[in-house]
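Observations on the model geometry
The residues making up each chain are set out below.
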Amino acid sequence: MERQIMPRNVLMVYPEIPSTYWSFKYALPFIGKKASLPPLGLLTVAALLPETYHLKLIDMNVSTLTKADIEASDIVFLSAMIVQKHSFEQVIKLCKECNVPVVAGGPYPSSCYEKIQDVNYFILNEAEVTLPKFLDDYERGCPQKIYMDDKKPDIAQIPPPRFDLLDVNVYSSLSLQFSRGCPFNCEFCDIIEMFGRNPRTKLPEQFISEMECVYKTGYSGALFIVDDNFFGNQQKAKNLLAKIAEWQKTHNYPFTFFTEASINCASDTEFMSLMTEAGFDMVFIGIETPHSETLEKIAKKQNLKRDIYSDIEKLQRHGIEVTGGFIVGFDTDPENIFDLQIDFIQKAGIPMAMVGLLNAIPKTQLYRRLQKENRIINDSSGNNTHDLKLNFVPCMPTKILLDGYKRVISEIYTPKKYFERCFTLLKRLPSQKKVYRSIKLSDIRALFLSLWKQTFSSYSFYYLQFLWRALRYNPKLFPEAMAMSVKGYHLFKITKEILRADEFSELLDTSLQSFQTELGEILEKWNGRIAKEIEKYGTQIKIKAEKKYHCFNHGMQNYLSEAYSEFATSCESIMGQWKQKLQQPKQ
């Protein structure tokens, strides 16, 4: 006899993602959106839960999680990436206060579950394998602490994500998945560790069915195919593209697509043509570095023995913008790597170049190698653009590496260089695109907000010059130019924030050193008011730091909170130590 599954109130929570280049936090208000993408992983898990479970999703990037939400739930499902660690921990703390059990899964728990406290149940690896085991035990009243299994499920068997749990209107893009895994073997990558090197795919009709689910919500616009390498299984990807193109024509192209792929996709003209036919207008490519010795060392062999500039231009001339991932901090980086990166990005015409510091992520080949070499310092924050604290000992002197990284982002995101790259891209896009960006009310809003904010900005000359050149060159591409301008607004602000945050961290360090020195000088001028002088000086330093800290937005405050707390604690400790010295009798 089949056991009856009890009704449960299940709260699914997606923690806040800090402000990064990827968040587009400052661009989203232009189009009236709150977040870039929904939590596809949780929506997929939701589809695997019993029908008797009453589900509620709270994405903390678009709405606030309250104690009342948690207290109304029987259990909380929580998924996160490493970069969401701070918010993840806050959610767990809140659940503990409410005495509601937590189920945690996703990339962060799967790689670091041993270090995570106060989680009741871990559903690790791929949920299609481990979640059913947990649910069976949970319903029988004997759930275990940890469920893990390296088995790779057939994703052609999974149901479509629960898009009905979303308010689709608050996101600038929605997301779908076609494949998991990547055939390559990059040393620093955790994807092959999680999903394997044999790409598993959904069936084309299955993917089209999921597109239909999105279409029925009333949403139209950008769809992100979240595959880490959409080109991993080339023939199956081509088969899917043909089906998407057919569906798009029938439905008058309601969607545009963007995805991630390896650079060797530029060798396949048929693949690029099918992408264009299906409505793809952007692809993220992991370029990493223009230095061939480094590519060899990190096993990024798919980028070797090819003309990367030419590959990028081929994609651009097919109407597909290339966004690139770049990394500095590899062992074999030459002294001039920073100039090489800047020159490459500019020449390639890549407006959005996501440059980051190398991070050693747990359970990667890189992490294991550095661990053997005793070079791991601490845990990775998962934020390789904002966190200017390395979690390993680099071969290059740390100060040179950090200063070089700051110089790269400072230069590529000067308005002059950014808009030059944007125009280079526009000139390479075909004069007649297959799918033009459709004009919506949100686009008109973005146009006026952009004109208002950026015309009167410090870089108005370069902004207006770019728009004028774009309009003269090809009026049909003007919506693309406006979109690039709005993204530029975000990229410029985020870059300034990264540099300001780093200056603030340095200020905290120098302030502590100064505090120690000043106290020593006060002690030498011994008098009856010394204890009050120590208290007064310490308070002044803390107030100065506090004012600067609160000038940052909420996301940056979260990022800086640990350093700021350590600073405040150190101030108190230093004052306490000096007060103890004063209480000791003079010799």
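Preceding this paragraph is the structure being described.
Residues numbered from 1 in each chain as written. Predicted model: local features only at pLDDT ≥ 70, side-chain atom pairs only at ≥ 80, totals over all residues. Heavy atoms only, no water.

Glancing now at the side chain of Asp-59. Relative to the elements of secondary structure, Asp-59 occurs in strand 2 (residues 53-59). Buried and without a salt bridge, Asp-59 has Lys-34 as its closest oppositely charged side chain, separated by 10 Å. A distance of 2.8 Å separates a polar atom in the side chain of Asp-59 from a polar atom in the side chain of Asn-61. With residues up to four places along the chain from it excluded, the contact list for Asp-59 reads Tyr-14, Leu-37, Pro-38, Pro-39 and Tyr-171. (Helix = DSSP H or I, 4+ residues; strand = E, 2+ residues; numbered from the N terminus. Buried < 20%, exposed > 50% of the residue type's maximum accessible area, 1.4 Å probe, protein only. Lys, Arg positive; Asp, Glu negative; His and termini not counted. Salt bridge = Lys/Arg side-chain N within 4 Å of Asp/Glu carboxyl O. Polar contact = N/O pair within 3.5 Å; in protein donor to acceptor, adjacent residues only side chain to side chain. Contact = heavy atoms within 4.5 Å.)

Turning our attention to unusual backbone geometry. Positive phi values are uncommon outside glycine, yet Asp-118 reaches one of about 65°. Of note, Ala-299 is a non-glycine position whose phi angle comes to about 65°, a positive value. Within the secondary structure, Ala-299 is located in the loop between helix 10 (292-297) and helix 11 (308-317). On the basis of relative accessibility, which here comes to 21%, the residue Ala-299 falls in the partly exposed class.

What follows covers the packing of aromatic side chains. Evaluation of the coordinates by the stated rule reveals 36 aromatic pairs. Seen in terms of ring centroids, Phe-134 and Tyr-138 are 5.4 Å apart; in terms of plane orientation they differ by 20°. Their pairing is stacked. One end of the pair is Phe-134 and the other is Tyr-138, both in helix 5 (residues 127-139) and 4 residues apart, which spans about a single turn. The exposure class assigned to Tyr-138 is buried, which follows from its relative accessible area of 12%. With 6.4 Å between their ring centres and 40° between their planes, Phe-419 and Tyr-459 make a pair best called tilted. Placement of Phe-419 in helix 15 (residues 415-428) and of Tyr-459 in the loop between helix 16 (441-455) and helix 17 (460-473) is noted, with a sequence separation of 40 residues between them. For the pair Phe-419 and Tyr-459, one class covers both residues: buried. (Phe/Tyr/Trp six-rings, centres within 6.5 Å; stacked < 30°, edge-to-face > 60°.)

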